Amino acid sequence: MQENLQKRKKMTSNSVHSKLQQFISAEISFSEFEDILKNQATASNPVRVGWITELGLKRYYDMYWDSSAYVGGDAGGSDAKAQMDMYNIQCLGVDGDWRTIDFNTVYKVRFNNKTYKVDN
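Below you will find a few notes about this structure.

1. Considerations on the nonpolar core
Judged by nonpolar contacts, the single largest core of 24 residues is most densely connected at Phe33, Val49, Met63 and Val109. Of all the secondary-structure elements, those providing two or more residues to this core are α2 (30-40), β2 (47-52), β3 (58-64), β4 (86-91), β6 (106-111) and β7 (114-119).

2. Quick notes on the sheet that holds β2
A sheet is described by the order of its strands in space; here 7 strands give the open sequence β1-β7-β6-β2-β3-β4-β5, paired in mixed fashion. A strand with exactly one partner marks an edge of an open sheet, and here the two such strands are β1 (27-29) and β5 (98-102). Strand-to-strand twist of the sheet, defined as the mean angle between neighbouring strand axes without regard to direction, takes the value 40°. Along the sheet, α2 contacts β1, β2, β3, β4, β6 and β7; its crossing angle with β1, the most-contacted strand, is approximately 80°.

3. Some points on the packing of aromatic side chains
The tally for this structure, following the rule as stated, stands at 5 aromatic pairs. When the ring of Tyr60 is compared with that of Tyr107, the centres are 6.3 Å apart and the planes differ by 70°; the resulting orientation is edge-to-face. Here Tyr107 lies in strand β6 and Tyr60 lies in strand β3, a separation of 47 residues in the sequence. Accessibility expressed as a relative area gives 34% for Tyr60, which makes it partly exposed. Cluster of aromatic residues (ring-pair linked, three or more members): Phe30, Phe33 and Phe103. Positioned over the ring face of Trp65 is Lys38, at 4.6 Å from the centre of the ring.

4. Observations regarding α2
Residues of α2 that are buried: Phe33, Glu34, Ile36 and Leu37. Angular distribution of buried residues about the axis of α2 spans 155°; they occupy a single face of the element. In the core, the buried residues of α2 are packed alongside β1, β2, β3, β4, β6 and β7.

5. Quick notes on the pairing of β6
The pairing of β2 with β6 spans 4 bridges and is antiparallel. Bridging from a neighbouring strand, Trp51 pairs with Val106 of β6. Counted along the chain from β6 to the antiparallel partner β7, the turn is 2 residues long, and its residue Asn112 has a positive phi close to 50°.

6. Overview of the pattern of salt bridges
The full count for this structure, using the stated rule, is 3 salt bridges. We note a salt bridge from Glu34 to Lys38, for which the minimum N-O separation is 3.1 Å. Placement of both Glu34 and Lys38 in helix α2 is noted, with a separation of 4 residues, approximately one turn of the helix. Measuring nitrogen to oxygen at the nearest pair gives 3.3 Å for the salt bridge that ties Asp62 to Arg48. Note that Asp62 is positioned in strand β3 and Arg48 in strand β2, a separation of 14 residues in sequence. A residue is classified by how much of its surface remains accessible, and Arg48, at 35% relative accessible area, is partly exposed.

The rules we used
Residues numbered from 1 in each chain as written. Predicted model: local features only at pLDDT ≥ 70, side-chain atom pairs only at ≥ 80, totals over all residues. Heavy atoms only, no water. Core = buried A, V, L, I, M, F, W, Y, C linked by side-chain atoms within 4.5 Å. Buried < 20%, exposed > 50% of the residue type's maximum accessible area, 1.4 Å probe, protein only. Helix = DSSP H or I, 4+ residues; strand = E, 2+ residues; numbered from the N terminus. Pairing = 2+ DSSP bridges. Axes fitted to C-alpha atoms, helices over the stretch in contact; angles between N-to-C directions. Contact = heavy atoms within 4.5 Å. Phe/Tyr/Trp six-rings, centres within 6.5 Å; stacked < 30°, edge-to-face > 60°. Lys NZ or Arg CZ within 6 Å of the ring centre and 35° of its normal. Arc of directions from axis to C-beta. Salt bridge = Lys/Arg side-chain N within 4 Å of Asp/Glu carboxyl O.

As structure tokens, this is what we get:
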């Protein structure tokens, strides 16, 4: 009986460790993130994006790409922001519905119930 309990503990511990390893190592490239945002995410199925602001604060928003809604380029008409690789992205549940982000500062995304670390 004691031996069975030890085996169960060992199996449970190993399976938890294995799942944690899978979770920690779930990494996608920047281009995979961009593909999710631009080609897969929608208003009804957004991608949750985590990035670091210029002030070093972590922000998380549910975002989706809608190229038909853009006016004047990637950064919503701002040539200066577009030159700095910043994008104006539609967000859900945010005053103003838009946030300008630098894709280089994106570090984590969640899409279709999976969380990924973005390798920039």
